[in-house]
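# Chain and residue survey
Each chain is listed here by its residues.
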Amino acid sequence: QVQLVESGGGLVQAGGSLRLSCAASGSIPRINIMGWHRQAPGKQRELVATKANGGTINYADSVKGRFTISRDNGKNTVYLQMNSLKPEDTGVYYCNVLYFTNRKYEYWGQGTQVTVSS
């Protein structure tokens, strides 16, 4: 069973920075995609950023130039450096890992709250 544990959320003023971390444990194939999604109150969960083990990165337009995703493949850990935070970045941030073997497997963390005050 794969487990994901996030850390690093909190309260920050607009313009500030936070760094999220997510450590995955369990049997995960080398070829996988790890990423971050977020859900604001009353809204659907949305993609923030993903990074494949091979290095391919995808960002939501709303965070390009402000957020940076990175990962340590050896530790199955993914990070999200968030700079120039805005109140609209507020939400619960979820880490996930996705891979394919005989079928699609996707696992999620419990989420960490990020609150940006104006």
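Up top is the structure these notes are about.
About the thresholds
- Residues numbered from 1 in each chain as written.
- Predicted model: local features only at pLDDT ≥ 70, side-chain atom pairs only at ≥ 80, totals over all residues.
- Heavy atoms only, no water.
- Helix = DSSP H or I, 4+ residues; strand = E, 2+ residues; numbered from the N terminus.
- Rg over C-alpha atoms; globule rule 2.2 N^0.38 Å.
- Contact = heavy atoms within 4.5 Å.
- Areas by Shrake-Rupley, 256 points an atom, 1.4 Å probe, with all protein chains shown as cover.
- Lys, Arg positive; Asp, Glu negative; His and termini not counted.
- Charge placed at Lys NZ, Arg CZ, Asp CG, Glu CD.
- Core = buried A, V, L, I, M, F, W, Y, C linked by side-chain atoms within 4.5 Å.
- Buried < 20%, exposed > 50% of the residue type's maximum accessible area, 1.4 Å probe, protein only.
- Pairing = 2+ DSSP bridges.
- Axes fitted to C-alpha atoms, helices over the stretch in contact; angles between N-to-C directions.
- Salt bridge = Lys/Arg side-chain N within 4 Å of Asp/Glu carboxyl O.
- Polar contact = N/O pair within 3.5 Å; in protein donor to acceptor, adjacent residues only side chain to side chain.

## A short note on the overall build of the chain
Of regular secondary structure, the chain possesses zero helices and eleven strands. Counting helices and strands in the order they occur from the N terminus, the chain gives β-β-β-β-β-β-β-β-β-β-β. The C-alpha radius of gyration computed for the chain amounts to 14 Å, which stays within 12% of the reference 13 Å derived for 118 residues, consistent with globular compactness. On the principal axes, the C-alpha backbone points of the chain span a range of 45 × 25 × 20 Å. At a minimum sequence separation of 6, the contacts of the chain that also span at least 24 residues come to 53%. Within the structure as shown, the chain displays about 6300 Å² of accessible surface, and the carbon and sulfur contribution to it stands at 48%. Averaging the coordinates of the 13 positive side-chain charges in the chain and doing the same for the 7 negative ones gives two points 5 Å apart.

## Considerations on the nonpolar core
Among the nonpolar cores identified, the biggest contains 28 residues, and Leu 4, Trp 36, Val 48, Phe 67, Leu 80, Met 82 and Tyr 93 are the most heavily contacted of them. Where this core is concerned, the elements lending two or more residues are β3 (18-25), β4 (33-39), β5 (46-52), β7 (67-72), β8 (77-82), β9 (91-100), β10 (104-108) and β11 (112-117). Those residues in contact with Leu 4, other than ones at most four positions away along the chain, are Cys 22, Ala 23, Ala 24, Met 34, Cys 95, Asn 96, Val 97, Tyr 107, Trp 108, Gly 109 and Gln 110.

## Remarks on the sheet that holds β3
Strand order across the open sheet formed by four strands is β1-β3-β8-β7, with antiparallel pairing between neighbours. Two strands close off the open sheet at either side, each with one partner strand: β1 (3-7) and β7. Averaged over all pairs of adjacent strands, the angle between strand axes in this sheet comes to 15°, irrespective of strand direction.

## Here we look at the pattern of salt bridges
This model, assessed by the stated rule, comprises five salt bridges. Across the salt bridge formed by Lys 64 and Asp 61, the nearest N and O atoms sit 3.0 Å from each other. We note a salt bridge from Glu 106 to Lys 104, for which the minimum N-O separation is 3.6 Å. Judged by relative accessible area, which is 32%, Glu 106 ranks as partly exposed.

## Quick notes on the side chain of Asn 96
The residue Asn 96 is located in strand β9 in this model. For Asn 96, a relative accessible area of 4% corresponds to the buried category. At 2.8 Å, the side chain of Asn 96 and the side chain of Glu 106 are in polar contact.

## Here we look at the pairing of β7
Here β7 shows a clear split, with Phe 67, Ile 69 and Arg 71 buried on one side and none of Thr 68, Ser 70 and Asp 72 buried on the other. Alignment of β7 against β8, held across six bridges, turns out to be antiparallel. Within β8, the residue paired with Thr 68 across the bridge is Gln 81. In this antiparallel pair of consecutive strands, β7 and β8, the connection spans four residues, and Asn 76 shows a positive phi of 50°.

## Considering unusual backbone geometry
Residues other than glycine seldom take positive phi values, yet Asn 76 does so here, at roughly 50°. Within the secondary structure layout, Asn 76 lies in the loop between β7 and β8. Even without glycine at this site, Ser 84 takes up a positive phi of about 50°. For Ser 84, the location among the structural elements is in the loop between β8 and β9.

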